Amino acid sequence: MTRVLRIRNGQALGSFRKRPDGTDDISHWELPAAAGPADSADVANLEEAARHLRQTDVPVGFPTETVYGLGADATRSAAVKGIYAAKGRPSDNPLIVHVCDLEMLADVMRGFRRAGDDDGDAVTAVGANGASSGLTQRAPIDLLPAIYRPLVERFWPGPLTLILPNPRPSRLAPEVTAGLATFGARMPASPLARSLIKLAGAPLAAPSANASTKPSPTAAQHVLDDLDGRIGVVLDGGPCSVGVESTVVDGLCDPPVVLRPGGVSLEELRACPGWEGVEKAYRDRAEDGNAGSSAPRAPGMKYKHYSPKARVVLYEASVRPRLVAGDVREAAEKGADDDGDRLAVSPRIGIVRTGRWPEAAGASGVQLEAKQRISEDVAAEVATGTSEETPALSYVIREGALSDAKGRQVAEVLDVDLGSDTRGIAHGLFSVLRELDRREVDVIFVEGIRDRDDIAAAVMNRLRKAASQIIR
Ligand code: TXA
Ligand code: MG
C-alpha cells in the first residue's frame, strides 16, 4: 500500500530570499523557521516524505508544476536504482536533476567530492582540475555557461531543463546520467517541490511518476493508479498546472537546440539573447518519412509512449472535421457481426475535441446525455502551481449511444470537450486520456491542434507518440 500524504498549502512552506530591491533571489530557497498552526499537518507530511528520501531507497511521488515526478536522492546510486525498479523502465535513459535553488545547483556543478568514506558528511571542494579553487566564491549563476543565464533569469523556477556539463568527479550517481558527460537540471516552479528538495537535503533525480509507456501523471491519483504498492509515499499537492513535461534545451552546442518540447515554448526561447537561432533537435512522427506525401493515413508504429490502454487515433489539425464522422461510425459498426447483430459488448468510443470538431465528431445517430463536468480537486493547486493564468482542471464529458439506421445501439460514445485554449488543452490532456482509460474505452479519436511554436508543439509531440494511427 502506498500512502498519500496531502499538502494543502505548499506556498506557505518556503520562500526565496529577497534581494535588497525586494525581488526573489533564486539562489536561496528557505524554509520558514516555524510553521503556523494551519500548516503544521502539511509540514509533518512534507517531513515524512523527505525522511523517505533520505533514509530509504524507495522513491517518492511528488508534484511539480509540469507532471508528478518520482524522486530519489540524485547523489545515491541505490536510491536512483529504486526509480528504475518502481517504474519498470530500463536504466538507459538519463534522468532530470531537480534543485531547490541555484546554490544547490552550484554544489553539483562545482563537483564536490566525498573525502575518504562514503557517509556523505565530509566533503571537499575541488575544481575541475582537482585543485581547491575560486569556484566556491563565485555567485551561483556565474557558474552556468553564459548562454543559459538569460533563460534562468526568465524561466526559472519553471518548466525548463538545461543540459549542463557533469563535473568530474561528480556528486551525481552515475545512474542519473546514463553514462553521458552531461546532466539535465531543472528548478521546478512548484514551491512544494522545492521545499521537499530542500528538506531532503539533496538534488532529486525524477522522471515522471507513471509506469513506463503510460500517460504522464498530472494528479496524485494517477501516480497511485500506476504505482500503488511499488512506492511508499505520494505527496498530493493537487493537479499540476502545466500538464506536460519541461522543455529540455541544450545550449552547449551551436546553435542551441530543443531536445524535447514542453512547458516553455520555442517562441519564448527565441525571445532570449543567444537563442534567436534555436533549432529543434527532436522529430515528431508527423515529420517522419511520408510527411507531405499524398497518402492520407500513416501506418501505426510499434513504439508507443504516453499511451492509454485504448487505441489512440490522432487527426492532424489539417484534416477537415467532417471527414472524421465516417471513421467514428466505422469503428462503431465493427462491434456488429456480419449479419448486423450486436456482439456481446458494444464498443466504447472516446472522442476528444479541441475546438473545431462538432459534438461526437459529427457522427449521426448519436444521443448524448446531459453534460457532466469533471473537475479535479483544485483546492491544493496552489501547492503545485505557478502561474496565475493557468486554468483549473475542468472539462466536460458526455456519454451517449450511437445507433444504426434502425435505431439500435451499436456503440457507446464518450465525448470530451477540452476547449480550444492551448494551455488548457495541455493542462488537461494526459488527465483526459487516463479518464477515458478508466472508463474502458476501446478507441480514442483525438482532434489534433495546429502545431505552432507555442505549447501546442509539446501537446502534439506527446499525442503523436501516444497514437497508434495518425491521420493527416
Ligand atoms: O517536467 C519534467 O521534466 C518532469 C518533471 C517530473 O520534472 N521530469 C521528466 O523527467 O520528464 P524525465 O527523466 O522523464 O526526462 C528525461 C528526459 C530524457 O528523456 C532526455 O530527453 C532529457 O530529459 N535528458 C536528461 N538528461 C539528459 C542529458 N544529459 N542529455 C540529454 N538529454 C537529457
Ligand atoms: Mg516521462
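Here we summarise the structure given alongside this text. (Residues numbered from 1 in each chain as written. Chains lettered and ligands numbered in written order. Predicted model: local features only at pLDDT ≥ 70, side-chain atom pairs only at ≥ 80, totals over all residues. Heavy atoms only, no water.)

Attention now moves to the site of ligand 1. Looking at ligand 1, there are 22 residues lining it, with Thr66, His98, Arg186, Ser246 and Arg260 nearest. For ligand 1, an oxygen atom lies 2.6 Å from a polar atom in the side chain of histidine 98. One of the side-chain N or O atoms of arginine 186 is found 3.0 Å from an oxygen atom in ligand 1. Considered on its own, ligand 1 offers 680 Å² of accessible surface; in the complex 88% of this is hidden by protein. Elements with a contribution of two residues or more to the shell around ligand 1: β6 (96-98), β10 (182-186) and β14 (257-260). (Near = heavy atom within 4 Å. Polar contact = N/O pair within 3.5 Å; in protein donor to acceptor, adjacent residues only side chain to side chain. Areas by Shrake-Rupley, 256 points an atom, 1.4 Å probe, with all protein chains shown as cover. Helix = DSSP H or I, 4+ residues; strand = E, 2+ residues; numbered from the N terminus.)

What follows concerns the sheet that holds strand β9 (residues 160-165). Pairing is mixed in the open sheet, where 11 strands are placed in the order β1-β12-β4-β5-β11-β6-β10-β9-β13-β14-β15. Sheet topology places β1 (3-6) and β15 (279-280) at the edges, where each strand pairs with a single neighbour. (Pairing = 2+ DSSP bridges.)

Here the focus is the pattern of salt bridges. Pairing between side chains of opposite charge can happen when the charged atoms of each approach one another. The tally for this structure, following the rule as stated, stands at 26 salt bridges. Close ionic contact of arginine 17 with glutamate 30 constitutes a salt bridge, the shortest N to O distance being 2.8 Å. With arginine 17 in strand β2 (residues 15-18) and glutamate 30 in strand β3 (residues 24-30), this pair connects stretches of sequence that are 13 residues apart. In this structure, the salt-bridge partner of glutamate 245 is arginine 462, at a minimum N-O distance of 3.0 Å. Placement of glutamate 245 in the loop between β12 (233-236) and β13 (247-250) and of arginine 462 in helix α11 (residues 456-466) is noted, with a sequence separation of 217 residues between them. Given a relative accessible area of 4%, glutamate 245 falls into the buried group. Counted as one network, the salt bridges with shared partners bring together Asp284, Glu316, Asp451 and Arg464. (Salt bridge = Lys/Arg side-chain N within 4 Å of Asp/Glu carboxyl O. Buried < 20%, exposed > 50% of the residue type's maximum accessible area, 1.4 Å probe, protein only.)

Let's shift gears to the packing of aromatic side chains. Across all of its chains, the model carries five aromatic pairs by this definition. Note on tyrosine 315 and phenylalanine 445: the rings are 6.1 Å apart at their centroids and 40 degrees apart in plane angle, and the pair reads as tilted. One end of the pair, tyrosine 315, is in strand β17 (residues 311-315); the other, phenylalanine 445, is in strand β23 (residues 443-447), with 130 residues separating them in the sequence. Taking the relative accessible area as the measure of exposure, phenylalanine 445 reaches 4% and is therefore buried. Every member of this aromatic cluster is reached through a ring pair, and the members are Tyr315, Trp357 and Phe445. Here the guanidinium or amino end of arginine 194 rests over the ring plane of tryptophan 29, the centre of that ring lying 4.1 Å away. (Phe/Tyr/Trp six-rings, centres within 6.5 Å; stacked < 30°, edge-to-face > 60°. Lys NZ or Arg CZ within 6 Å of the ring centre and 35° of its normal.)

Bringing the side chain of threonine 247 into the picture now. In this fold, threonine 247 is placed in strand β13. From its side chain, threonine 247 meets the backbone nitrogen of glycine 263 in a polar contact 3.3 Å long. What threonine 247 contacts, discounting residues up to four positions off in sequence, is Pro159, Leu160, Thr161, Val258, Arg260, Pro261, Gly262, Gly263, Val264 and Leu269. (Contact = heavy atoms within 4.5 Å.)

This part covers α11. In terms of residue burial, α11 counts as a mostly covered element, since 10 of its 11 residues are buried. Listed as buried for α11 are Ala456, Ala457, Ala458, Val459, Met460, Asn461, Arg462, Leu463, Arg464 and Ala466. For α11, the secondary structure elements touched by its buried residues are β14, β17, α10 (422-438), β23 and β24 (469-471).

The next subject is the environment of alanine 220. Following the sequence through the fold, alanine 220 ends up in helix α7 (residues 220-227). For the pair alanine 220 and valine 67, spaced 153 residues apart in the sequence, the C-alpha separation amounts to 9.7 Å. Apart from the residues within four sequence positions on either side, alanine 220 is in contact with Tyr68, Val234 and Asp236.

With that out of the way, let us pick up the environment of aspartate 236. For aspartate 236, the position within the fold is in strand β12. Along the primary structure aspartate 236 and tyrosine 68 are separated by 168 residues, whereas in three dimensions their C-alpha atoms are 9.2 Å apart. Sequence-distant contacts of aspartate 236, that is, excluding residues within four places in its chain, are made with Val4, Leu5, Arg6, Ile7, Tyr68 and Ala220. A distance of 2.9 Å separates a polar atom in the side chain of aspartate 236 from the backbone nitrogen of glycine 238.

Purely geometric numbers; function is a separate question.
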